[in-house]
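Given next are the chains, with one letter for each unit.
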Amino acid sequence: NHALYLYKRRIPFQLFLPWNAEKVEAPFADQISYELPALLPIFNNWRNIPIFLKSLIIKKTFSEPVIIHSIVDFPYAILGWSWAKKGGYPFIYSAIGTYSVMPFAKIGQRQLLLDPFKKASKIIAISNFTAQQAQKISGHYRPIEVINLPVTKPAKILASQKNNFNIPESIKMILSIGPLKSRKGMDILIRALPDIIKKIPNVHLVIVGD
């Protein structure tokens, strides 16, 4: 969606994706390069290590002016920062939830990520909580701009879809979407449901996850 936004406004860009990513069918397909190491874990697959090292060593040259934006923080912020530093380009670092915080808790990953984190032209986090945790665990309280993730199109559940779940059309719905992990607090939501029902009798909880 980000690339499509740029494409429609005729803003030149190049999108780098992992070597094993599914090929994207889009009008800007010729602006996509599949040369990055696989996302996670980069050091557990021997094929990723030479790709990662090669990406760090090779100086990327682009048509001016250039902003390098690492939309996924670890490990791609390391690569993006390396390219930006060699080319003298501004570097933007996106902090995406827990994935931007966890690497700071591991010594090796922390050392790789601290330089990009400290010296990025701008850091964008998806929430105040993510921004605060990244500052706290990294030990570097630099400014972070929070841009909450948008809902590009309002979600609508049609009557036919509701019936697949045996949910009446007249109900109030609590919809929770996300990986079924303990830190997401789905169990708290379930335990809270009886208290919610006392105030909103026709409420239904729908959990969507893996």
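Keep in mind that this is a model prediction, so the values were computed, not measured.

Asker: In this structure, what is going on with the overall build of the chain? I would like to understand it.
Answerer: Scanning the chain for helices and strands turns up 7 helices and 8 strands. In the chain, 47% of the contacts between residues at least 6 apart in sequence involve partners at least 24 apart.

Asker: Please explain the packing of helix H4 (residues 107-119) against helix H5 (residues 128-138) as it appears in this structure.
Answerer: Two numbers describe a pair of packed helices, the interaxial angle and the distance between the axes. Put simply, H4 and H5 touch, their axes get as near as 12 Å, and they point 120 degrees apart. Between H4 and H5, the angle falls in the class oblique. H5 is crossed by H4, and the crossing has left-handed handedness. For the pair H4 and H5, the contacting residues are Arg110, Leu114 and Phe117 in the first and Ala134, Gln135, Ile137 and Ser138 in the second. Residues that form the contact of H4 with H5 fall into these classes: 4 nonpolar, 2 polar and 1 charged.

Asker: Even after reading the chapter, I still don't get the pairing of strand E8 (residues 203-208), so can you show me in this structure?
Answerer: Within a regular strand, side chains alternate between the sheet's two faces. Pairing of strand E7 (residues 172-177) with E8 involves 6 bridges; the strand directions are parallel. When the sheet's bridge partners are listed, lysine 172 is paired in E8 with valine 203. In this fold, E7 hands off to helix H7 (residues 186-199), which returns the chain to E8; that crossover is right-handed.

Asker: Got a minute to help me understand the sheet that holds strand E4 (residues 91-95) in this structure?
Answerer: Whether parallel or antiparallel, the strands of a sheet pair through hydrogen bonds between backbone atoms. One open sheet holds the 4 strands; their spatial order is E3-E4-E5-E6, and the pairing between them is parallel. At either margin of the open sheet sits one strand with a lone partner, and together these are strand E3 (68-70) and strand E6 (145-146). When strand E5 (residues 122-125) meets E6, the two strands line up parallel, connected through 2 bridges. Residue pairing for E6: isoleucine 124 is matched across the bridge by glutamate 145.

Asker: What should I look at first to understand the environment of serine 121 in this one?
Answerer: Relative to the helices and strands, serine 121 resides in the loop between H4 and E5. Spatially, the C-alpha atoms of serine 121 and proline 90 are 5.8 Å apart, while their sequence positions differ by 31 residues. Ignoring any residue separated from it by four or fewer positions in sequence, one finds serine 121 in contact with Pro90, Phe91 and Arg142.

Asker: For this particular structure, what's the right way to read the side chain of serine 94?
Answerer: As for its position among the elements, serine 94 is in strand E4. One polar contact links serine 94 to histidine 69, side chain to side chain, over a distance of 2.8 Å. Among residues more than four places away in sequence, those in contact with serine 94 are His69, Ser70, Ile71, Asp73 and Ile124.

Asker: Is there a simple way to think about the pattern of salt bridges in this case?
Answerer: If charged atoms from side chains of opposite charge come close, those side chains can pair. If you walk through the whole model with that rule in mind, you get 4 salt bridges. Salt-bridge contacts for glutamate 145 lead to lysine 122; the nearest nitrogen and oxygen are separated by 3.0 Å. In this pair, glutamate 145 sits in strand E6 while lysine 122 sits in strand E5, placing the two residues 23 residues apart along the sequence. Among the ionic pairs, arginine 191 bridges to aspartate 187, the shortest N-O distance being 3.4 Å. Taken together, the positions of arginine 191 and aspartate 187, both in helix H7 and 4 residues apart, correspond to about one turn of that helix. On the basis of relative accessibility, which here comes to 58%, the residue arginine 191 falls in the exposed class.

Thresholds, definitions, all that
- Residues numbered from 1 in each chain as written.
- Predicted model: local features only at pLDDT ≥ 70, side-chain atom pairs only at ≥ 80, totals over all residues.
- Heavy atoms only, no water.
- Helix = DSSP H or I, 4+ residues; strand = E, 2+ residues; numbered from the N terminus.
- Contact = heavy atoms within 4.5 Å.
- Axes fitted to C-alpha atoms, helices over the stretch in contact; angles between N-to-C directions.
- Parallel < 35°, antiparallel > 145°, perpendicular 65-115°, else oblique.
- Left-handed = near helix turned anticlockwise from the far one by under 90°.
- Nonpolar A, V, L, I, M, F, W, Y, C, P; charged D, E, K, R; others polar.
- Pairing = 2+ DSSP bridges.
- Right-handed = clockwise from strand over helix to strand, strands pointing away.
- Polar contact = N/O pair within 3.5 Å; in protein donor to acceptor, adjacent residues only side chain to side chain.
- Salt bridge = Lys/Arg side-chain N within 4 Å of Asp/Glu carboxyl O.
- Buried < 20%, exposed > 50% of the residue type's maximum accessible area, 1.4 Å probe, protein only.

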